[in-house]
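The residues making up each chain are set out below.
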Amino acid sequence: MKIDVKKWFDGETAFGKDNQCQVTKRTFNLQGLSSRKLTTDADCMYAEFPGGIGDHTRFWFKDGKPFAITTEPYSVDEHEYGILQEECLKLGLTINRIEDKSEWNPEQCLWIEILKNK
């Protein structure tokens, strides 16, 4: 069976264009995102967040400041997602969960984006 790659969800490209932001190798945790202060310079592609969620994680800058964190875990159960969602709410962050096809897994992939509330 041939997979139509044009139908894959390319979250990185779409997110960057839609939000006019750029991926950075500089990393920050949820607290850093909520305060927009960097916490480390380490490359952390496989960062985990509360609930154990995280894979293909990207950190985004806009106007020179932390803007968002996105991650594409292969699976997340409701308990894990609930823990992350609760932590985001405590910090004043918005969390969105999108289920679609992606370049990583044509069957199904999750795209989770965490943003600071405006």
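Residues numbered from 1 in each chain as written. Predicted model: local features only at pLDDT ≥ 70, side-chain atom pairs only at ≥ 80, totals over all residues. Heavy atoms only, no water.

Asker: Could you clarify how one ought to interpret the environment of Ile69 in this entry?
Answerer: Mapped onto the fold, Ile69 is located in strand E3 (residues 65–71). Placed 46 residues apart in sequence, Ile69 and Val23 show a C-alpha to C-alpha distance of 9.3 Å. The contacts of Ile69, once residues within four sequence positions are left out, are Phe28, Asn29, Leu30, Leu33, Phe49, Thr57, Arg58, Phe59, Trp60, Ile112, Glu113 and Ile114. (Helix = DSSP H or I, 4+ residues; strand = E, 2+ residues; numbered from the N terminus. Contact = heavy atoms within 4.5 Å.)

Asker: Any chance you could explain the nonpolar core here in plain terms?
Answerer: In globular proteins that are soluble, nonpolar side chains generally tend to be buried together. If you look at the biggest cluster of nonpolar residues, it comprises 17 residues, and the most contacted ones within it are Leu30, Ile69, Leu84, Cys88, Ile95, Ile112 and Ile114. Breaking this core down by element, the ones donating at least two residues are helix H2 (30–35), strand E2 (58–62), helix H3 (78–90), strand E4 (93–100) and strand E5 (109–116). What Ile114 contacts, discounting residues up to four positions off in sequence, is Leu30, Leu33, Phe67, Ala68, Ile69, Leu84, Cys88, Leu93, Thr94 and Ile95. (Core = buried A, V, L, I, M, F, W, Y, C linked by side-chain atoms within 4.5 Å. Buried < 20%, exposed > 50% of the residue type's maximum accessible area, 1.4 Å probe, protein only.)

Asker: I would appreciate a short explanation of the pattern of salt bridges in the present structure.
Answerer: Opposite charge on two side chains permits pairing when their charged atoms draw close. Applying the stated rule across the entire model yields three salt bridges. Lys90 is the partner of Glu87 in a salt bridge, and the nearest nitrogen-oxygen pair spans 3.6 Å. Separated by three residues within a single helix, Glu87 and Lys90 lie in helix H3, roughly one turn from each other. Note on Glu87: relative accessible area 19%, which makes it buried. Assessed through its relative accessible area of 60%, Lys90 is described here as exposed. (Salt bridge = Lys/Arg side-chain N within 4 Å of Asp/Glu carboxyl O.)

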